[in-house]
There are 4 protein chains.
Amino acid sequence: MTELAAVKAALKTQAVETPSWAYGNSGTRFKVFAQAGVPRDPFEKLDDAAKVHEFTGVAPTVALHIPWDKVEDYAALAEHAKARGVRIGAINSNTFQDDDYRLGSICHPDAAVRKKAVGHLLECVDIMDATGSRDLKLWFADGTNYPGQDDVRSRQDRLAEGLAEVYERLGEGQRMLLEYKLFEPAFYTTDVPDWGTAYAHCLKLGDKAQVVVDTGHHAPGTNIEFIVATLLREGKLGGFDFNSRFYADDDLMVGAADPFQLFRIMYEVVRGGGFTSDVAFMLDQCHNIEAKIPAIIRSVMNVQEATAKALLVDAEALAAAQASGDVLGANAVLMDAYDSDVRPLLREVRQEMGLAPDPMAAYRECGWAEKVVAERVGGQQAGWGA
Amino acid sequence: MTELAAVKAALKTQAVETPSWAYGNSGTRFKVFAQAGVPRDPFEKLDDAAKVHEFTGVAPTVALHIPWDKVEDYAALAEHAKARGVRIGAINSNTFQDDDYRLGSICHPDAAVRKKAVGHLLECVDIMDATGSRDLKLWFADGTNYPGQDDVRSRQDRLAEGLAEVYERLGEGQRMLLEYKLFEPAFYTTDVPDWGTAYAHCLKLGDKAQVVVDTGHHAPGTNIEFIVATLLREGKLGGFDFNSRFYADDDLMVGAADPFQLFRIMYEVVRGGGFTSDVAFMLDQCHNIEAKIPAIIRSVMNVQEATAKALLVDAEALAAAQASGDVLGANAVLMDAYDSDVRPLLREVRQEMGLAPDPMAAYRECGWAEKVVAERVGGQQAGWGA
Amino acid sequence: MTELAAVKAALKTQAVETPSWAYGNSGTRFKVFAQAGVPRDPFEKLDDAAKVHEFTGVAPTVALHIPWDKVEDYAALAEHAKARGVRIGAINSNTFQDDDYRLGSICHPDAAVRKKAVGHLLECVDIMDATGSRDLKLWFADGTNYPGQDDVRSRQDRLAEGLAEVYERLGEGQRMLLEYKLFEPAFYTTDVPDWGTAYAHCLKLGDKAQVVVDTGHHAPGTNIEFIVATLLREGKLGGFDFNSRFYADDDLMVGAADPFQLFRIMYEVVRGGGFTSDVAFMLDQCHNIEAKIPAIIRSVMNVQEATAKALLVDAEALAAAQASGDVLGANAVLMDAYDSDVRPLLREVRQEMGLAPDPMAAYRECGWAEKVVAERVGGQQAGWGA
Amino acid sequence: MTELAAVKAALKTQAVETPSWAYGNSGTRFKVFAQAGVPRDPFEKLDDAAKVHEFTGVAPTVALHIPWDKVEDYAALAEHAKARGVRIGAINSNTFQDDDYRLGSICHPDAAVRKKAVGHLLECVDIMDATGSRDLKLWFADGTNYPGQDDVRSRQDRLAEGLAEVYERLGEGQRMLLEYKLFEPAFYTTDVPDWGTAYAHCLKLGDKAQVVVDTGHHAPGTNIEFIVATLLREGKLGGFDFNSRFYADDDLMVGAADPFQLFRIMYEVVRGGGFTSDVAFMLDQCHNIEAKIPAIIRSVMNVQEATAKALLVDAEALAAAQASGDVLGANAVLMDAYDSDVRPLLREVRQEMGLAPDPMAAYRECGWAEKVVAERVGGQQAGWGA
């Protein structure tokens with residue numbers, strides 16, 4: 001197989017998971033702008049997600065968020081997905097929208113609230129069993145807003161205890177993905193604020209506990225690709241929540257704010273063997289003002305383009321330049337891949353996969369947008385329910 | 001008058017404006033936690049604000065936010081305030097919560113939306129006339145989320161045009177206070193992102209246009225007291241929106257995150273003559289998880305303490321050390337004031353004003369919290385309505 | 001002329017000014033690593049700069065830094081440049097390396113120090129007269145390290161006074177370019193910390209005073225292209241100091257850290273008419289660990305590529321998408337230009353200009369690097385002299 | 001023992017280590033301003049450090065930096081210290097100022113350079129043996145400036161290998177303290193950029209490897225006290241490099257930029273048992289423009305004041321408020337300690353220790369500053385040697 005053929009083959013195996021909540025309404029604390037045609041239940045979200053997969057060919061799974069995607073019959077939901085050519089992906093827990101969680105969930109000073117939170121997490125594992133999901137994705141809004149509000153260290157103890165209880169419940173082949181975030185909604189301390197904290201907990205829990213990197217959850221100036229390389233080296237990178245940001249956790253389309261950073265991240269993934277391992281590539285975005293399905297298609301394409309460029313890096317030339325201490329030469333090898341226009345290559349890949357070369361145009365022409373606007377009338381549009 | 005007497009006299013004239021919306025529910029995009037006893041209309045908000053003034057003695061005015069505080073009869077609202085010992089302060093406009101404002105308001109590409117936004121601003125001036133308010137506070141959520149989304153420069157042209165139209169409508173003694181903010185809810189460009197942009201617009205508009213400094217609206221590392229000193233030197237500091245932040249626009253209680261910064265800001269205010277001029281000292285905070293009235297009382301006290309310390313700086317000794325290039329000596333003069341415990345002094349000031357020395361305790365004992373929880377049952381609690 | 005022809009024509013007129021000091025040694029406070037073959041005087045720096053122009057065709061001028069480039073006979077220096085096909089560009093002042101400047105220069109509390117600093121600036125204008133330079137570039141290291149160290153406002157008064165004196169001295173066709181910087185070497189206040197401060201001073205001085213944007217001099221999260229658009233709209237953008245940064249004022253090769261940002265900046269320059277006006281495009285970089293001449297060639301090429309992409313934006317399609325509120329469509333138009341590989345186009349442009357298509361290769365092959373290493377033996381290598 | 005007596009007793013046992021290099025000249029990449037009277041060798045640095053201990057009573061040890069403090073006879077140096085009432089503290093390695101280290105030291109692509117770096121570290125352990133030092137403090141300037149320059153992961157492998165070799169060499173009771181830093185002098189990747197990386201390496205090395213927190217080495221917005229609490233909980237906090245910063249690694253006097261942060265850090269130290277354990281409290285500062293010895297005395301006092309406030313927190317009241325979810329009450333307990341003026345208490349403590357109550361005044365009056373200016377004439381002033 002030629003090198004280009006290998007790159008193409010790799011691109012055809014790519015899998016980007018889209019999040020059910022990105023198909024619903026979202027916004028900021030200032031305003032949620034509703035959009036016509038937005039799904040009203042998890043089944044309609046899967047319908048939309050199936051369209052993304054239909055036109056990109058690389059979005060075969062859909063993450064759920066509980067309770068936003070709570071249904072009576074999860075087997076039926078999984079069946080609904082299958083019928084449309086997609087599968088249920090990670091189960092995302094929510095321990096931040098119940099009134100009891102005002103001061104935290106799994107880290108709350110009150111044992112009763114902690115118990116409730118852990119109960120929810122265990123329920124999520126039940127849903128994993130029912131849907132065949134591999135991953136339980138845990139993001140905790142836990143933290144404090146004011147110095148002194150709670151004891152930083154005791155909260156870590158409670159966190160460790162709660163996580164251990166859930167970890168015990170995981171079945172064969174199931175994983176716990178622990179996400180970290182610098183701040184928001186907590187504004188002074190966050191109980192899992194950085195990769196180091198997530199890593200330390202996962203290390204103690206065991207092999208099924210892995211760290212998730214959300215690309216919008218870092219302090220300004222953080223070198224995310226370094227974290228990716230480090231977690232891969234430690235065998236602790238469970239997956240990504242992709243999105244992009246200019247300031248904080250902006251949740252814009254991945255690749256929109258800093259495409260070069262996305263490329264560098266994907267380069268470290270390729271370099272560290274993450275592209276062919278169990279690393280989950282998930283989107284976690286909010287399309288507050290733009291059309292949702294097209295935004296997600298565009299995001300998937302952005303990940304594809306960054307991946308294609310990363311795969312095209314001349315590894316041999318790079319290694320040679322690095323070994324010889326040729327700073328400019330090594331940088332040039334990397335930039336040569338980045339500066340390339342990989343869109344023609346991806347059009348070819350799609351055609352070889354039996355897809356239209358331009359997913360955006362194909363989606364536009366298929367009439368789905370008009371159809372859902374016409375049909376999804378009445379009912380309650382899906383959203384965060386904040 | 002001795003120096004200490006002068007400091008006390010100054011502290012007795014202090015006026016901190018509290019915002020009506022801080023008495024209602026607020027939260028993040030993730031969750032708004034409702035609190036029992038929260039006001040259900042602008043009249044009840046004024047009742048709560050009156051309590052803050054009753055116990056602090058230095059919170060005589062209340063800012064309104066339109067349309068959150070829309071009422072049929074503004075004269076009646078002003079009368080209600082007066083009867084409780086407070087007055088209506090600044091009128092805050094809202095051009096971010098109507099569906100039409102998805103892509104902006106006064107900077108929107110569509111002239112019809114711009115017209116609607118300007119219409120709202122003009123209505124706010126009508127309300128100023130009706131309530132006797134001096135200040136129109138303008139914060140625009142306008143901006144873009146994606147590169148290319150709109151034309152940065154055209155948006156400035158539209159902004160200038162809209163502001164000019166509103167400026168023309170201002171009556172004698174009325175002012176327009178233009179607020180800037182780095183980001184949120186817009187995530188790529190914000191149309192008034194920094195003091196320079198606000199200043200440039202205000203300069204062209206005229207003397208009635210002044211800049212507002214919200215202490216949570218800057219990029220990390222920004223030296224806010226420098227901006228305060230600069231705007232005072234330029235005669236363009238209209239006022240403050242006080243709050244505190246560790247990360248972004250956290251809207252925590254002022255003085256909670258960095259009390260030394262608040263002191264430095266108040267020192268520049270005193271130094272630049274802002275304490276005795278028309279600079280408006282307003283709070284703009286969100287008490288998402290803590291009790292609202294006590295949080296506002298505490299915030300007012302924090303401003304008082306910072307002010308007291310700023311007033312206590314030995315100006316003569318400072319100037320002498322500065323002139324002689326004594327770096328450590330000059331710093332020590334400033335720190336000596338900061339390191340002082342001014343709480344006893346403020347207790348004295350309150351007693352001389354006929355107030356209880358400890359406003360927090362006095363409020364706790366007055367029974368208001370229990371009363372409103374018992375009485376404010378039913379109806380719709382006030383909030384941001386996002 | 002076809003559109004592509006117009007783009008090519010524009011690219012052929014591009015002029016990037018390289019800084020004399022980038023050819024000498026530089027480093028961090030931790031270490032300056034010397035490189036073999038580095039120039040030992042301003043004449044040798046010009047020799048190197050001429051090589052950059054020889055192979056790129058778009059680097060016709062060289063900025064000087066006084067006193068680092070102090071010579072007896074500036075006319076001879078200008079003649080030396082001319083003989084090698086380049087010209088003297090901006091004159092950069094230095095008021096931070098004399099022991100007298102420990103607490104500032106033009107803002108120093110001591111009038112004698114201020115006088116000395118202004119004297120140096122006036123001398124720089126003399127050098128402009130002698131070399132035919134148009135621009136006096138002013139960057140002040142002035143500021144304070146500790147709260148209270150000096151009076152923020154008085155320093156602004158001194159700054160205004162000093163600038164006015166220098167402004168008066170400017171001749172016909174000469175300009176003063178005022179640079180701002182968030183921090184370093186001052187760590188608490190900087191006297192010209194942001195574009196707003198520089199703008200306010202330039203506004204009062206007059207038309208010959210313009211703001212310089214150094215792309216590494218902002219707080220994290222600052223939207224630089226917004227500042228560029230705003231200054232162009234105000235007629236106050238004098239030029240750029242290009243470089244790139246991941247953290248602070250890293251002074252890396254422009255385009256190395258965030259090529260998409262550089263593209264967005266160049267797009268606003270093109271959009272705002274800055275590309276065909278008097279805006280000066282200067283580099284200000286430190287090649288601490290990489291070979292200097294190749295790094296500068298690469299930097300010039302990076303600016304060219306960003307410019308080419310900016311020129312290729314389909315302005316009509318962009319305006320249409322923006323006017324219709326098509327967020328994704330407008331973004332896609334911009335990204336389409338950015339995602340293009342413009343290197344083939346630039347190779348064509350170079351060949352049409354009679355240059356080798358690949359400046360890096362051409363330089364490598366010309367033997368200059370080996371020649372200077374062999375010949376520049378003995379003497380004192382040029383550097384910052386810190 | 002009453003509570004206040006316990007606080008006093010604790011304060012009397014406090015030990016702050018001062019760094020030999022802070023007594024010498026330092027500066028930024030722009031300029032090192034020399035100061036009269038600065039030491040010319042390690043013996044004179046110890047003389048100055050002894051003065052700090054003489055007047056504060058809590059600075060009994062002095063950190064050395066090799067090779068800046070290289071001497072023929074380390075036993076003699078230790079004896080010199082002892083004679084003046086102080087001891088040698090941590091040994092700080094330097095693998096960034098040799099020309100070989102342009103592309104790194106222990107992480108360098110070339111094995112020969114790595115070997116040289118490890119050799120230096122082993123030599124530092126020899127010096128520990130000779131001086132009786134307990135701690136080897138490792139800070140690596142290693143990193144890269146440009147994407148692609150070197151392989152991120154391979155550098156981690158080399159780092160692990162080198163650290164392991166040095167760890168093996170440590171004797172009984174000796175420790176290796178690994179310091180992390182976000183950036184500078186490397187501007188793209190740093191090989192130990194955050195606490196997570198340092199922690200992961202120390203974990204694998206063993207109990208003698210501990211993490212050092214330099215308070216100026218974090219990304220903007222990082223919650224340092226959270227890291228402190230976490231490392232104490234993990235048993236991996238080896239010590240502090242105290243200083244303060246507004247922007248980057250400004251190396252200002254500790255407590256000068258954010259005294260409330262210093263208090264919060266010391267509170268977590270006290271809370272986590274770090275105050276009475278083996279945690280080393282070291283200063284790492286640069287007194288670029290202020291007098292060095294007084295700046296260090298002031299810094300030690302700032303640490304004392306923050307510690308006193310932390311010790312004064314009413315732990316019982318705090319725990320009660322935290323347990324009951326009283327956000328404002330818990331915050332108030334913490335702030336009550338912070339808002340106290342502990343200077344009178346510390347004056348008492350000093351008098352009980354047989355010291356003058358005001359160390360700054362006592363130092364000023366002792367004539368040391370004038371003496372060293374007069375005597376330390378000729379020779380080469382100590383500095384970083386960059």
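The coordinates are above.
Everything numeric in this text was worked out from a predicted model, so none of it was measured.

A. Quick peek at the sheet that holds strand E1 (residues 16–19) of chain D. All names here are of chain D. Reading around the circumference, E1-E2-E3-E4-E6-E8-E9-E10 is the order of the 8 strands in this closed barrel, with parallel pairing throughout. When the angles between neighbouring strand axes are averaged without regard to direction, this sheet yields 30°. Judged from the 2 bridges that link them, E1 and strand E10 (residues 280–283) form a sheet pairing that is parallel. Each residue of the ladder has a partner; that of Val16, found in E10, is Phe281.

B. Looking closely at the packing of aromatic side chains. Summed over all chains, the structure comprises 78 aromatic pairs over all chains. For the ring pair A:Phe30 and B:Trp139, a centre distance of 5.0 Å and an interplane angle of 45° mean the geometry is tilted. One end of the pair, A:Phe30, is in the loop between strand E1 (16–19) and helix H2 (42–56); the other, B:Trp139, is in the loop between strand E4 (135–138) and strand E5 (143–144), on a second chain. Here A:Phe30 and B:Trp139 have matching classes, each one buried. Between C:Phe183 and C:Phe187, the ring centres sit 6.3 Å apart and the planes meet at 45°, which makes this aromatic pair tilted.

C. Quick peek at unusual backbone geometry. Of the consecutive residues A:Ile66 and A:Pro67, the connecting peptide bond is found in the cis state with omega at 20°. Secondary-structure assignment places A:Pro67 in the loop between strand E2 (61–65) and helix H3 (74–83). In this chain, C:Glu184 is followed by C:Pro185 through a cis amide linkage whose omega measures 10°. When you line up the elements, C:Pro185 lands in the loop between strand E6 (175–179) and strand E7 (189–190). For A:Asp251, which is not glycine, the phi torsion reads 60° and is therefore positive.

D. Up close: the interface of chain A and chain B. Listed by partner, the interface residues are 41 residues for chain A and 41 residues for chain B. Buried area between chain A and chain B, both sides added, is near 4200 Å², and the carbon and sulfur share of it is 65%. The interface formed by chain A and chain B holds 8 salt bridges in total. Between B:Arg29 and A:Glu184 there is a salt bridge; the shortest N-O distance is 2.9 Å. Linking chain A with chain B are 20 residue pairs in polar contact (both at pLDDT 80 or more).

E. The interface of chain A and chain D, seen in detail. At the junction of the two partners, chain A supplies 54 residues and chain D supplies 54 residues. Overall, the association of chain A and chain D removes approximately 4400 Å² of surface from exposure, summing both partners, and the carbon and sulfur fraction of that is 56%. Contact with chain D buries area across many residues of chain A, yet A:Arg153, A:Phe226 and A:Arg233 alone supply 17% of it, more than any other trio. Scanning the region where chain A abuts chain D turns up 6 salt bridges. The interface formed by chain A and chain D holds 26 residue pairs in polar contact (both at pLDDT 80 or more) in total. When contributions to the side of chain A that touches chain D are tallied by element, the ones reaching two or more residues are helix H5 (152–169), strand E7 (189–190), helix H6 (195–205), helix H7 (224–233), helix H8 (259–271), helix H10 (315–323) and helix H11 (327–338) of chain A. Considering each element in turn, the side of chain A that touches chain D owes the most residues, 8 residues, to H6(A). For the side of chain A that touches chain D, a count of residues per class yields 25 nonpolar, 16 polar and 13 charged.

F. Spatial organisation of the pattern of salt bridges. A complete count under the given rule lists 152 salt bridges over all chains for this structure. The closest approach of N and O atoms between B:Asp249 and B:Lys181, which form a salt bridge, is 2.9 Å. A residue pair is termed long-range when its members are at least 10 positions apart, and B:Asp249 in the loop between strand E9 (237–242) and helix H8 (259–271) and B:Lys181 in the loop between strand E6 (175–179) and strand E7 (189–190) qualify at 68 residues. The buried category is assigned to B:Asp249, whose relative accessible area is 8%. Accessibility expressed as a relative area gives 2% for B:Lys181, which makes it buried. Between C:Glu234 and B:Lys204 there is a salt bridge, with the nearest N and O atoms lying 2.7 Å from each other. Within this pair, whereas C:Glu234 is found in the loop between helix H7 (224–233) and strand E9 (237–242), its partner B:Lys204 is found in helix H6 (residues 195–205), the two belonging to separate chains. With a relative accessible area of 18%, C:Glu234 lands in the buried category. Judged by its relative accessible area of 56%, B:Lys204 is exposed. Three or more residues are tied together by salt bridges with common partners; here these are A:Arg29, B:Lys181, B:Glu184, B:Asp249 and B:Asp251.

G. Representation of the relation of the copies chain A and chain B within the structure. It takes a turn of 180° to lay chain A on chain B, together with a shift of 0.0 Å along the axis; the resulting RMSD is 0.0 Å. Look at the turn and shift together and you get a two-fold axis relating the two. For chain A, the residue whose C-alpha comes nearest the rotation axis is A:Arg29, separated from it by 2.1 Å. An overlap of 100% is found between the interface residues of chain A and their copies at the interface of chain B, pointing to a shared contact surface.

H. View of the pairing of strand E8 (residues 209–214) of chain B. Residue and element names in this part refer to chain B. Extensive coverage of E8 is indicated by the burial of 6 of its 6 residues. The side-chain alternation of E8 yields two buried faces, one formed by Ala209, Val211 and Val213 and the other by Gln210, Val212 and Asp214. Where E6 lies against E8, 4 bridges are found, and the strand directions are parallel. Bridge pairing in E8 links Leu177 to Gln210. In the sheet, E8 pairs with E9 via 4 bridges, with the strands oriented parallel. In the sheet register, Asp214 faces E9, and the bridge partner there is Asp241. In terms of handedness, the path from E8 via helix H7 (residues 224–233) over to E9 forms a crossover that is right-handed.

I. Broad picture of the relation of the copies chain A and chain D. Placing chain A over chain D gives an RMSD of 0.0 Å and needs a rotation angle of 180°, together with 0.0 Å of translation along the axis. A shared binding surface is used by both copies, with 100% of the interface residues of chain A retained as interface residues in chain D.

J. Representation of helix H8 (residues 259–271) of chain C in the model. Residue and element names in this part refer to chain C. Taking 1.5 Å per residue as the helical rise, H8 with its 13 residues ought to reach 18 Å, and the 18 Å between its terminal C-alpha atoms agrees with that figure. Within H8, 10 of the 13 residues are buried, leaving the element largely enclosed by the surrounding structure. For H8, the complete set of buried residues consists of Pro259, Phe260, Leu262, Phe263, Arg264, Ile265, Met266, Tyr267, Glu268 and Val269.

K. Inspection of the sheet that holds strand E4 (residues 135–138) of chain A at higher detail. Residue and element names in this part refer to chain A. Strands sit in the order E1-E2-E3-E4-E6-E8-E9-E10 around a closed barrel of 8 strands; the barrel is parallel. Looking at each pair of strands side by side, their axes are set apart by 30° on average, direction ignored. Where E4 meets strand E6 (residues 175–179), 4 bridges bridge the pair, whose relative direction is parallel. Across the sheet, Leu136 pairs through a bridge with Met176, a residue of E6.

How each quantity is defined
- Counting starts from 1 at the beginning of each chain's written sequence and moves along it residue by residue.
- Whichever chain is written first becomes A and whichever ligand is written first becomes 1, with later ones labelled in order.
- Thresholds applied to this predicted model are a pLDDT of at least 70 for local features of residues and 80 or more for the giving and counting of side-chain atom pairs; totals over whole chains, interfaces and linings are not thresholded and use all residues.
- With hydrogens and water stripped out, all remaining heavy atoms of the structure feed into the side-chain values.
- For two strands to pair, DSSP has to find at least two bridges joining them.
- Secondary structure counts use DSSP, requiring at least four H or I residues in a row for a helix and at least two E residues in a row for a strand, with both numbered from the N terminus.
- Here an angle of 0 to 180 degrees is reported between the N-to-C directions of two axes, which are lines fitted to C-alpha atoms, with helices fitted over the stretch in contact.
- Stacked, edge-to-face and tilted labels apply to pairs of Phe, Tyr and Trp rings (six-membered ring for Trp) whose centres lie within 6.5 Å, assigned for plane angles under 30 degrees, over 60, and everything in between, in that order.
- Whether a residue is buried, partly exposed or exposed follows from its accessible area with a 1.4 Å probe, protein chains only, as a fraction of its type maximum: under 20%, in between, or over 50%, in that order.
- Pairs of residues are marked as contacts when any of their non-hydrogen atoms sit within 4.5 Å.
- Throughout, the accessible surface (probe 1.4 Å) given up by two parts as they are put together, summed over both, is called the buried area.
- For this document, the term salt bridge refers to a Lys or Arg side-chain nitrogen within 4 Å of an Asp or Glu carboxyl oxygen.
- Polar contacts, as counted here, are pairs of nitrogen or oxygen atoms within 3.5 Å of one another; within protein the pair requires one atom able to donate a hydrogen and one able to accept it, and residues that are adjacent in sequence qualify only if both atoms are side-chain atoms.
- For this scheme, ten residues count as nonpolar: Ala, Val, Leu, Ile, Met, Phe, Trp, Tyr, Cys and Pro. Four count as charged, namely Asp, Glu, Lys and Arg, and the remainder, Gly too, count as polar.
- C-alpha atoms of residues with pLDDT of at least 70 in both copies form the basis for the least-squares superposition of the copies.
- Looking down the strands as they point away from you, a crossover is right-handed if its path from the first strand over the helix to the second goes clockwise.
- For a helix, the expected span equals 1.5 Å multiplied by the number of residues minus one.

Taken by themselves, the reported measurements are silent on function.
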